[in-house]
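A look at the structure
In case you want the letters, here they are:
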Amino acid sequence: PPPVRDEKIIPLEAHGVKVISLGFLIDRDQPAIWRGPIVMKIITQFLRDVDWGTLDVLIVDMPPGTGDAQLSLVQATAVAGALIVTTPQEVAVGDALRGAKMFERVGVPILG
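Note that this is a predicted model, so its numbers are computed, not measured.

Some thoughts on the packing of helix α1 (residues 36-48) against helix α2 (residues 68-76)
Remark: α1 packs on α2, axes separated minimally by 9 Å, with the N-to-C direction vectors making an angle of 50 degrees. Here α2 runs oblique to α1, going by the angle between their axes. Viewed along their axes, α1 and α2 form a crossing whose handedness is right-handed. Touching G36, V39, M40, I43, T44, L47 and R48 of α1 are D68, A69, S72, L73 and A76, all from α2. Of the residues contributing to the contact of α1 with α2, the split by class is seven nonpolar, three polar and two charged.

Shown next as structure tokens:
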């Protein structure tokens, strides 16, 4: 798990990039089956309780789709844009398109 200093989580760093992950905070074999208020709490904690320092850009890797995680992030902070990443499988492309449409509907520009 990442260290904590002055009640702030200190992100780990790899190749000059600061990283925090739910995977750092739960057991390796524990599933993260969370919805609604719990997802919002985790996203808020990662935004406010992590000592990010000065950042030029904050990249948030989200699960596919249009669920609680995406909506919670948009509600918790000003999102400057979304970069949609997908694999070529038809189902994955469909998920990516729905995600892009969701971000557009909530006023988040699609950067690519």
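Points about the side chain of Q70
Looking at the element boundaries, Q70 is found in helix α2. The exposure class of Q70 is buried, given its relative accessible area of 2%. In contact with Q70, other than residues within four places in its own chain, are M62, P63, P64, G65, M102 and F103.

Considerations on α2
Every buried residue of α2 is accounted for by A69, Q70, S72, L73, V74 and A76. In this structure, the buried residues of α2 make contact with α1 and α3 (90-105).

A word on the nonpolar core
If you look at the biggest cluster of nonpolar residues, it comprises six residues: I9, I20, I42, F46, V50 and W52. V50 has contacts with K8, I9, P11, I20 and Q45, leaving out every residue within four places of it along the chain. In this structure, V74, A82, F103 and V108 belong to the second largest nonpolar core, which totals five residues.

Quick word on a nonpolar patch on the surface
A surface patch of nonpolar side chains, amounting to about 220 Å² of accessible area, comprises L55, L58 and V60. Looking at the secondary structure, you find V60 in the loop between α1 and α2.

What counts as what
- Residues numbered from 1 in each chain as written.
- Predicted model: local features only at pLDDT ≥ 70, side-chain atom pairs only at ≥ 80, totals over all residues.
- Heavy atoms only, no water.
- Axes fitted to C-alpha atoms, helices over the stretch in contact; angles between N-to-C directions.
- Helix = DSSP H or I, 4+ residues; strand = E, 2+ residues; numbered from the N terminus.
- Parallel < 35°, antiparallel > 145°, perpendicular 65-115°, else oblique.
- Left-handed = near helix turned anticlockwise from the far one by under 90°.
- Contact = heavy atoms within 4.5 Å.
- Nonpolar A, V, L, I, M, F, W, Y, C, P; charged D, E, K, R; others polar.
- Buried < 20%, exposed > 50% of the residue type's maximum accessible area, 1.4 Å probe, protein only.
- Core = buried A, V, L, I, M, F, W, Y, C linked by side-chain atoms within 4.5 Å.
- Patch = residues over 30% accessible without salt bridge, like charges linked within 9 Å, V, L, I, M, F, W, Y side chains within 5 Å.
- Areas by Shrake-Rupley, 256 points an atom, 1.4 Å probe, with all protein chains shown as cover.
- Salt bridge = Lys/Arg side-chain N within 4 Å of Asp/Glu carboxyl O.

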